[in-house]
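Overview (structure and organization)
Residues per chain, in single letters:
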Amino acid sequence: MKQCIICRKFKEAFSDEHVIPDALGGYYHIYSVCTQCNSRMGSTVDVKLVNHKFSEFQRFTLGLKGKSKKLPNPFIGIHRIDGEESRRVQLRIDGDGKLVPYVVPTVEYEKLDDGTRVSICVDASDKNKLSGILDGVAKKLKVPLEQLKLPEQAVRSIARPNIQGGFSIDLFEFKIGLLKIAYEFAVDTIPEYFHDDAAVEIAEILFHADHSRVEKYVNIGSGFERNLFSSLEKYLDIAKKKHFLVLCSHRAGGLSCLMHLHQLFAVGVSLSKKMYPDHLFVVGVNDIEKKSFRKIFGEELSREVYGVPFLRFQYYFENEAALMRFQELQMSEHFEVIQVKGEIPVFDKSGNALETTLNEKMNAVAPLAKSEFLSEKEFICTYNFAEDVFVKVNPGGELVQVTAVREEYVNVSKI
Ligand SMILES: [Zn+2]
């Protein structure tokens, strides 16, 4: 027996829960939702996301078939062709997943002195149904078939039909689907969050599909604001076919989850006012093409994005003679900045070792560091030191003053 994270009861039977609905290309599975809640979530919560007009468009363009093994048709309904007001058109999906316009059959009558003129308009694919339609018309008019006057058949094709129609877009109910994703991601990542008062309320909202309380939590952005991710774009490749979930905890805002579902929704969920491990930063990456999901934690993320930097130093010399001597050292094949256990120790002017390392000095001035992308893949960050910082270089263990360090990342690759 374990506790279900939705109904919060102790249950025997659990099943595979897709945190992001599989119809949207979700590959994040958890096993902490009971079988009953799982199907309940599918029919009352996930459905709002999956059947959203935006999702239907995307599933159609990405060819995501979902449970029914059918592509959704976001263009379902009756449309019109520009300039042909009497024609009604449907957009159908053929076997190859292509959209095909289909003219809905129409029959028009005109009473003449010597009978009734009938004009029938059908789609070219319905040509073989013409005689059947005509039979029906004769029956309806209660006249023998021979009395119907048919104008000559004409086939017309419109090369680039401009089809007009209307849609209804849900701006509200889909948010419950986003709340579920954020909640499940948080509980799965921070187990103690499950006992948070806010988590208890969110589980209740999801269980009852209570839309009236959803916006209390799904309250960062309207749901469609991609610029919520502008500060994360240097890490995350949001143009790729991926969904991103970003869980972060900070002193000011508590625990929140930003989510970016590829070309669909971008929203932030306030999960708690409480603070969880400070600077907690976890990114969930759902790769639609690779059919995979993984979580990346804080520092791992920047390591993966930037790799190990090459450090370039800016030195200061008191006179030209010192500069010349240093340049000679630099020519030596044994030239190096001295490191101890992978860290560069720093010294004062007299050569006394300081408590800190160069890295710590850089971190201390990090808020004032200047960073820029030289290209898509090249990134540099410059740290200027206001106080005197010395390092030792080989050969000879010479003391030199460093006024700035430039970190060069030459192979930046976004997640
Ligand atoms: Zn349950």
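Residues numbered from 1 in each chain as written. Predicted model: local features only at pLDDT ≥ 70, side-chain atom pairs only at ≥ 80, totals over all residues. Heavy atoms only, no water.

**So, the overall build of the chain**
To keep it simple, the criterion reads: Secondary structure elements follow DSSP: runs of H or I of four or more residues count as helices, runs of E of two or more count as strands, with numbering from the N terminus. The globule rule used here is 2.2 Å times the number of residues to the 0.38 power, and the radius of gyration it is set against is calculated over C-alpha atoms. Each residue gets one of three labels from its accessible area relative to the maximum for its type: buried under 20%, exposed over 50%, partly exposed in between, using a 1.4 Å probe on protein chains only. Whether two residues are in contact is decided by their heavy atoms: any pair within 4.5 Å suffices. Computed with the Shrake-Rupley method and a 1.4 Å probe, the accessible areas treat only the protein chains shown as cover for residues. Neither His nor the chain ends is counted toward charge; the positive residues are Lys and Arg and the negative residues Asp and Glu. The location of each charge is read from NZ of Lys, CZ of Arg, CG of Asp or CD of Glu.
Counting secondary structure elements, the chain contains 8 helices and 25 strands. Relative to a compact globule of 415 residues, whose C-alpha radius of gyration would be 22 Å, the chain shows 33 Å and is clearly more extended. Considering only C-alpha atoms, the chain reaches an extent of 120 × 55 × 30 Å along its principal axes. Counting all 415 residues of the chain, 41% fall into the buried class. Intrachain contacts of the chain at a sequence separation of at least 6 include 59% that bridge at least 24 residues. Surface exposure of the chain reaches about 23,400 Å², of which carbon and sulfur atoms provide 51%. The average position of the 54 basic charges and that of the 57 acidic charges among the side chains of the chain differ by 8 Å.

**Some words on the coordination of the zinc ion**
Short version of the rule: With water excluded from the atoms, a metal site may look incomplete; its donors are any N, O or S atoms within 2.8 Å, or within 3.2 Å for Na, K and Ca. Sites are called tetrahedral only when four donors show all angles between 85 and 135 degrees, square planar or octahedral only when four or six donors show opposite pairs over 155 degrees and all other angles between 65 and 115, and irregular in any remaining case.
Summarising the metal site, the zinc ion is bound by the protein donors Cys 4 (SG), Cys 7 (SG), Cys 34 (SG) and Cys 37 (SG), whose distances to it range over 2.3 Å. Metal-centred angles of 100 to 121° between the 4 donor atoms at the zinc ion mark the site as tetrahedral. Mapping the donors of the zinc ion onto the primary sequence yields the spacing C-x2-C-x26-C-x2-C. With Cys 7 in the loop between strand E1 (2-3) and strand E2 (10-11) and Cys 37 in helix H1 (residues 35-50), this pair connects stretches of sequence that are 30 residues apart. Overall, the relative accessible area of 15% leaves Cys 7 in the buried class.

**Some remarks on the domain arrangement of the chain**
The criterion, for reference: What marks off one domain from the next here is an automatic or database domain assignment.
Domains assigned within the chain are domain 1 (79-164), domain 2 (171-303) and domain 3 (307-409). Computed over C-alpha atoms, the centres of domain 2 and domain 3 are 39 Å apart.

**Some details on the packing of aromatic side chains**
The test is simple: Ring geometry is summarised as follows: Phe, Tyr and Trp rings, the Trp one being its six-membered ring, pair when their centres sit within 6.5 Å, and such pairs are stacked at plane angles under 30 degrees, edge-to-face over 60 and tilted between the two. A ring is considered to have a charge above it if a Lys NZ or an Arg CZ atom is located within 6 Å of its centre and within 35 degrees of its normal.
Taken as a whole, this structure holds 22 aromatic pairs when the rule is applied. Ring centres of Tyr 306 and Tyr 409 lie 5.1 Å apart, and the angle between their planes is 55°; this geometry places the pair in the tilted category. Taken as a pair, Tyr 306 in helix H6 (residues 298-306) and Tyr 409 in strand E25 (residues 398-409) lie far apart in primary sequence, 103 residues in all. For Tyr 306, a relative accessible area of 10% corresponds to the buried category. Site record: aromatic cluster; members linked through ring pairs are Tyr 235, Tyr 306, Phe 373, Phe 379 and Tyr 409. One Lys or Arg, Lys 2, reaches over the ring of Phe 14 and ends 4.7 Å from the middle of that ring. Directly above the aromatic system of Tyr 102 lies the positively charged group of Arg 92, at a separation of 3.6 Å from the ring centroid.

**Examining the UniProt feature "domain: HNH endonuclease" (unreviewed entry) in the chain**
Using the following cut-off: UniProt positions are given in the numbering used here, feature names are shortened, and annotations may be inferred rather than shown by experiment.
Here the UniProt-annotated "domain: HNH endonuclease" (unreviewed entry) positions come out as residues 4-53. The annotated region residues 4-53 carries 34% helix and 26% strand content, and the separation between its end C-alpha atoms amounts to 31 Å.

**As for the nonpolar core**
Operational definition: For the purposes of this section, nonpolar cores are sets of buried Ala, Val, Leu, Ile, Met, Phe, Trp, Tyr and Cys residues that join through side-chain atoms within 4.5 Å.
Grouped together as the largest cluster of nonpolar side chains are 53 residues, with contacts concentrated most on Tyr 183, Tyr 193, Leu 247 and Leu 271. Of all the elements in the fold, those that place two or more residues in this core are strand E4 (29-34), H1, helix H4 (175-189), helix H5 (197-208), strand E13 (242-250), strand E14 (254-261) and strand E15 (265-272). Examining the composition of this core, we find that 9 residues originate from one element, H4, more than from any other. Core analysis: the next-biggest nonpolar cluster, separate from the first, contains 38 residues, Val 246, Leu 258, Phe 317 and Ala 322 among them.

**Notes on H1**
Put simply, the test is: The term bend refers to the angle at a residue between two fitted axes, each drawn through seven residues, those ending there and those starting there.
Of all bends in H1, the biggest is about 40°, found at Gly 42. Within H1, burial applies to Cys 37, Asn 38, Met 41, Val 45, Asp 46, Leu 49 and Val 50.

**Observations regarding the pairing of strand E24 (residues 390-394)**
Remark: a regular strand shows side chains that alternate across the two faces of the sheet. Inclusion rule: When DSSP locates at least two bridges between a pair of strands, those strands are taken to pair.
When strand E19 (residues 336-337) meets E24, the two strands line up antiparallel, connected through 2 bridges. Its bridge partner being in E24, Val 337 is matched across the sheet by Val 393. Sheet topology places E24 next to E25; 4 bridges connect them, and they run antiparallel. Looking at the pairing, Phe 390 lines up with Gln 401 of E25. The turn joining E24 and E25, which pair antiparallel and follow one another in sequence, is formed by 3 residues; a positive phi near 105° is taken by Gly 396.

**Considerations on the packing of H4 against H5**
Counted only if it meets this: Comment: axis = line fitted to C-alpha atoms, over the contacting stretch for helices; angle = value between 0 and 180 degrees taken between N-to-C directions. Orientation labels follow simple angle bins: below 35 degrees gives roughly parallel, above 145 gives roughly antiparallel, 65 to 115 gives roughly perpendicular, and whatever is left gives oblique. The crossing is said to be left-handed when, going from far helix to near helix, the turn is anticlockwise and less than a right angle, and right-handed when the turn is clockwise. The residue classification treats Ala, Val, Leu, Ile, Met, Phe, Trp, Tyr, Cys and Pro as nonpolar and Asp, Glu, Lys and Arg as charged. All others, Gly included, are polar.
Across the interface, H4 lies against H5 with an axial gap of 10 Å and an inter-helix angle of 135°. Put simply, H4 runs oblique to H5. Classified by chirality, the crossing of H5 by H4 is left-handed. Across the interface between the two elements, Ile 176, Leu 179, Lys 180 and Tyr 183 from H4 touch Ala 199, Ile 202, Ala 203, Ile 205 and Leu 206 from H5. Residue classes in the contact of H4 with H5 are distributed as 8 nonpolar, no polar and 1 charged.

**Details of a nonpolar patch on the surface**
Let me state the cut-off plainly: Patch membership is restricted to residues that have no salt bridge and whose relative accessible area is over 30%. Joining uses 9 Å for like charges and 5 Å for the nonpolar side chains Val, Leu, Ile, Met, Phe, Trp and Tyr. Should a side-chain nitrogen of Lys or Arg be within 4 Å of a carboxyl oxygen of Asp or Glu, the pair is scored as a salt bridge.
On the surface, Phe 167, Ile 169, Leu 171 and Phe 172 cluster together into a nonpolar patch covering about 370 Å² of accessible area. By secondary structure assignment, the location of Phe 172 is in the loop between strand E11 (163-164) and H4.

**Regarding the side chain of Glu 184**
Mapped onto the secondary structure, Glu 184 falls in helix H4. If we ignore the near neighbours within four places in the chain, the residues touching Glu 184 are Ile 5, Ile 6, Glu 17, His 18, Val 19, Tyr 28, Ile 30 and Val 33.

**A look at the side chain of Lys 180**
On the secondary structure map, Lys 180 appears in helix H4. Among residues more than four places away in sequence, those in contact with Lys 180 are Glu 17, His 18, Val 19, Met 41, Val 45, Asp 46 and Leu 206.

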